[in-house]
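Overview (structure and organization)
Okay, here's what each chain looks like letter by letter:
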Amino acid sequence: MSLKAGIVGLPNVGKSTLFNAITKKNILAANYPFATIDPNVGVVTVPDKRLDYLNNLYQPKSLVPTAYEFIDIAGLVKGASNGEGLGNKFLSHIREVDAIVEVVRCFDDKDITHVEGGVDPIRDIEIINVELILADLEVVQNRLNKLGKKVTMTKDKQELLEINTMKKCIDALEKNIPLRLVEFDDQEKVILKNFSLITYKPIIYAANVSEETIAVGRNEYTDKVSEYAKNENARVIVMCAKIEAELADMADEDRTLFMEDLGIKNSGLDKLIFATYDLLGLATFFTSGIDECRAWTFKKGMKAPECAGIIHTDFEKGFIKAEVIGYDDLFEYGSELRVKEAGKVRLEGKDYLMQDGDIVYFRFNVTK
């Protein structure tokens, strides 16, 4: 599955520094607005100790972790929805992502300029959110305008559904309410898929703090962000982009020691990856053997044939059965043979809901 998370925020809040850490790419991270002119795209692998275990167990010729894209989108400013700071161009890139990571500056530093003159994370969040709301409002209103006379004359059920859905969106957006906070039924959700509305996308706030704050895990600024996010039912990840950049350049052993010295168990990047996965309702299944051990991303609630189709469309078309071993069972018994002897291998059919950590061999048959 192709998954994308867009990193947004005001200029000079640490977006590009964080992106450097995520992808280990050396992009420009300058102390002035619009240092990032084009969206920078990088692929990040998802850390998974289960895949490490499978690698040690099978010693495969190839090891393929699951991954998704992070897109660093140039700093937005007030008026972006009207084209300020090349805003329209950047807003179009946000429409392409599955989730939004909004980086918020939560530290004081007189040597790093702030586009709004001082540190105020809630003001910054609201500036970004207003611009995204205005951008969505323009899209929805344009669609309603294109429907023209149908708004008052149509009796077609599908057209009425779309018109009413657009009006519902406009009503919320004009009240400064992001669409992710609005209740939509299943039919309305189908309509919304056609428009890639930005404020309908799930969001995580990444509170960028100083090196001194990271060991404590919070400060007065992050507390404000957490309270704000709580009202949106959103997640907050406290991290230090500068430290993440340093960790990215270290060997595994040095990284572990450095984190121990800082008093942190997981890097901010790992926490961000896991939070994004959870936000999107994702999980992982595995295929394993001496040729390849591989992690595959799927959406929770998918059935076995759909997951087979992630590997290859023929697997879904000709699906017969799924031979499934739970990761916990394999870890407990130590080999496939012992799992089989314990009667823990399952044959599942077309209605089986895949579970996180399933190790699967799909049986299929495709006739020409």
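What comes next concerns the included structure. (Residues numbered from 1 in each chain as written. Predicted model: local features only at pLDDT ≥ 70, side-chain atom pairs only at ≥ 80, totals over all residues. Heavy atoms only, no water.)

**Things to note about the overall build of the chain**
Operational definition: Numbering of helices and strands runs from the N terminus, with a helix taken as a DSSP run of H or I at least four residues long and a strand as a DSSP run of E at least two residues long. Classification of residues uses two cut-offs on accessible area relative to the type maximum, computed with a 1.4 Å probe and protein chains only: under 20% is buried, over 50% is exposed, and between them is partly exposed. Residue contacts are counted whenever heavy atoms from the two residues lie within 4.5 Å of one another. Accessible surface is estimated by sampling points in the Shrake-Rupley manner with a 1.4 Å probe; for residues, cover comes only from the protein chains shown.
Of regular secondary structure, the chain possesses 16 helices and twelve strands. In the chain, which comprises 368 residues, the proportion classed as buried is 49%. At a minimum sequence separation of 6, the contacts of the chain that also span at least 24 residues come to 69%. Summing over all exposed atoms, the chain offers an accessible surface of approximately 18,800 Å²; the carbon and sulfur share of this is 49%.

**Topic: the pairing of strand 2 (residues 40–45)**
Threshold: Pairs of strands are assigned from DSSP output, requiring at least two bridges between the strands.
Only one face of strand 2 is covered, namely the one carrying Asn40, Gly42 and Val44; the face carrying Val41, Val43 and Thr45 has none of its residues buried. Alignment of strand 2 against strand 4 (residues 67–72), held across six bridges, turns out to be antiparallel. Within the sheet, the bridge partner assigned to valine 41 lies in strand 4 and is isoleucine 71.

**Overview of the pattern of salt bridges**
Our working definition: The salt bridge definition used is simple: a Lys or Arg side-chain nitrogen within 4 Å of an Asp or Glu carboxyl oxygen.
A full pass over the atoms with the stated rule returns 17 salt bridges. Ionic pairing is found between arginine 50 and aspartate 356, a salt bridge with its closest N-O pair at 3.0 Å. With arginine 50 in helix 2 (residues 49–58) and aspartate 356 in the loop between strand 11 (346–348) and strand 12 (358–364), the pair connects residues that are 306 residues apart, well separated along the chain. Here aspartate 278 and arginine 235 are joined by a salt bridge, their closest N and O atoms 3.5 Å apart. Of this pair, aspartate 278 sits in helix 12 (residues 268–279) while arginine 235 sits in strand 7 (residues 235–239), and the two are 43 residues apart along the sequence. Here the salt bridges do not stand alone but share partners, grouping Asp48, Arg50 and Asp356 into one network.

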